[in-house]
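Take a look at the letters that make up each chain.
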Amino acid sequence: MALKARVLYDFHSENPGEISITENELVTLFSEEELEGWLEGENSKGQAGLFPASYVEIIKDHITSNTNNNGFSSPKKAMPPTQTSFASSDSQCQRGLGASSSGSGGGSFHTSQGSDDDWDDDWDDSSPATDAPQSLGSTPPMYPVTTSLPSRRGSAPQHQQHAKSSATVGRNLNRFSTFVKSGGEAFLLGEASAFVKDGDRICVVMGKHGPEWQDDPYPFTCTIDDPTKQTKFKGMKSYMSYGLTPTHTNVQVNRRYKHFDWLYARLVERFPVISVPHLPEKQATGRFEEDFISKRRKGLIWWMNHMISHPVLARCDVFQHFLTCGADEKAWKQGKRKAERDELVGANFFLTISTPAVPLDLQEVESKIEGFKTFTKRMDENIVVVNTTINEFARKQITGFKKEYQKVGQSFKLLAQSFELDQQAYSAGLNKAIAYTGEAYEAIGEYFAEQPRQDLDPISDLLDLYRGHLANFPDIIHVQKGALTKVKDCPKQEGELHNRCNIISCATLAEIQHFHRTRVRDFRSQMQHHLHQQISFFQKITAKLEDALQRYDDGQ
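Residues numbered from 1 in each chain as written. Predicted model: local features only at pLDDT ≥ 70, side-chain atom pairs only at ≥ 80, totals over all residues. Heavy atoms only, no water.

## With respect to the pattern of salt bridges
Point 1. Enumeration according to the criterion identifies 24 salt bridges in this entry.
Point 2. Note that Asp-380 is salt-bridged to Arg-467, the shortest N-O span being 3.4 Å. Taken together, the residues span a long stretch of sequence, with Asp-380 in helix H9 (residues 362–419) and Arg-467 in helix H12 (residues 457–489) at a distance of 87 residues.
Point 3. A relative accessible area of 22% means that Arg-467 is categorised as partly exposed.
Point 4. One salt-bridge network, held together by shared partners, links Asp-10, Glu-23, Lys-373 and Lys-377. (Salt bridge = Lys/Arg side-chain N within 4 Å of Asp/Glu carboxyl O. Helix = DSSP H or I, 4+ residues; strand = E, 2+ residues; numbered from the N terminus. Buried < 20%, exposed > 50% of the residue type's maximum accessible area, 1.4 Å probe, protein only.)

Okay, structure coming up:
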């Protein structure tokens, strides 16, 4: 029997080899094995290709629960006679972990976006196999926990009690779900364990509109200079280098795109419920063309602005190392090794979070999450509409409007040339004024062609950045809904399960709150910029036409 999966979110294909899928659609999987976060299968239209693994929920024949692992309803399936362990949610609450435990679940579920080329010898180092990050399914060593639950701080016997408290909660059958791979399940079951320093603590505070990240007490900015072309291997290989200058050091460091890409991969691995902004897209050819270089720099500036304005990401040690480590090769490699061996990833990330004293109402949390899910879906749909519309309008300005204004201008100049056949002296002023009007229209055509770079392209760049954020949130929501589902399935479980679910919920709602605040700031600023540019543009046209009009009075 073919392996089936139910679609949780709409996905629109944008590249060759991908297929579009719609919410609640049943798709056929060719394999249960993921390819760097993608699954291969066939949709209901018979189209075969790739789609994001986190957008679907695999349907197992032996699952009978009405609710799937991510909190979405799915039809009941007849349970094979030999399966009795998962007959109901109550039996899950009574079932021990046993030998089926898969460890911490702290492995990464994201992959790097790749890089333009291989790492330079002077930036890369090959760590021994023993230094490699632990893969999914391995059991981490035990460390003292300093910022877990208040009742779990202290000595080793408390750790044993912490692990024991999770032994009556069943595991998700779908080991490929985002809830499992992100480490959310492992944390909820009390398996996360790591040493958390004071500097690694992340505070969620109760704000006016709900949980939010505590503000960074030491905010800073960072500029990105125009890139310069560098060479190595005696000019055989070229690359672009970007100069970064953070204000809290005022020391410039040089970074290549692949260094940004390495940082992105580390951050995605470290923070399972934080939306790390996507980097500008890569390009295999034309990497040194002026238009591409300019567009990439603008994208990196947007990316950097979102990084430094995030209270958690901005003070993350790996990000600070990226901004402050200069040309010292040894220091860079040490920081790189430390980041790649970071213990506070996946499940252990949640140990760093301190929450408000009063726990959240889980029913209210679920309502907010559902509302945000509806919001992001609608926002994503309309971003596509706006982007398509303004790109088409920009194309018309660059080609159509310019061409039409120039045609009008040329026709006026031809009229002036015909009038010059009349040698009367009183006609000379009019002839010159008409010719200048033609030149004015040709100039206005050029204004239209240049204007999209000033007012429409910045909006398009912003929309691209937010499409990346919106693509992140399905995974974030899956983690939180997985925790809520686990609590619902085990209503008689002691308070520790609810407390850990509260930590995940606080972090998720804090990230949603940050997204909304940043969205309002960015779109207000960008729309103001757009309208200022439009006003200046039409004032420039008006001034040109008024100048042409004055020529008729001067020529009398």
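We are not done yet, so read on.
## Overview of the nonpolar core
Point 1. Among the nonpolar cores identified, the biggest contains 102 residues, and Phe-51, Leu-244, Leu-267, Phe-271, Met-304, Phe-319 and Phe-350 are the most heavily contacted of them.
Point 2. With 13 residues, the single largest contributor to this core is H12.
Point 3. Every residue in contact with Leu-244, bar those within four places of it in the chain, is listed here: Cys-222, Thr-223, Ile-224, Val-251, Gln-252, Val-253, Arg-255, Phe-260, Met-304, Phe-322 and Leu-323.
Point 4. Counting six residues, the second largest nonpolar core, distinct from the first, contains Ile-444, Tyr-447, Phe-448 and Ile-541. (Core = buried A, V, L, I, M, F, W, Y, C linked by side-chain atoms within 4.5 Å. Contact = heavy atoms within 4.5 Å.)

## Quick word on the packing of aromatic side chains
Point 1. Taken as a whole and assessed by the stated rule, the structure comprises 23 aromatic pairs.
Point 2. Look at Phe-260 and Phe-322: their rings are 5.1 Å apart centre to centre, the planes differ by 65°, and that puts the pair in the edge-to-face class. Highlighted residues: Phe-260 in helix H5 (residues 257–270) and Phe-322 in helix H7 (residues 317–324), separated in sequence by 62 residues.
Point 3. Overall, the relative accessible area of 0% leaves Phe-260 in the buried class. (Phe/Tyr/Trp six-rings, centres within 6.5 Å; stacked < 30°, edge-to-face > 60°.)

## A closer look at the sheet that holds strand S4 (residues 48–52)
Point 1. Strand order in the open sheet formed by five strands is S4-S3-S2-S1-S5, with antiparallel pairing between adjacent strands. The open sheet has two edge strands, S4 and strand S5 (56–59), and neither has a second partner. Averaged over neighbouring strand pairs, the angle between their axes works out to 45° when direction is ignored. (Pairing = 2+ DSSP bridges. Axes fitted to C-alpha atoms, helices over the stretch in contact; angles between N-to-C directions.)

## What about the sheet that holds strand S7 (residues 210–213)?
Point 1. If you walk across this open sheet you meet the three strands as S7-S6-S12, and the pairing is mixed. Where the open sheet ends on each side, the last strands, each with one partner, are S7 and strand S12 (353–354).
Point 2. Across four bridges, the pairing between strand S6 (residues 202–207) and S7 is antiparallel. For Met-206, the partnering residue across the bridge sits in S7 and is Pro-211.
Point 3. Sheet strands touched by helix H13 (residues 495–554): S6, S7 and S12. Its angle to S7, the strand with the most contacts, is close to 75°.

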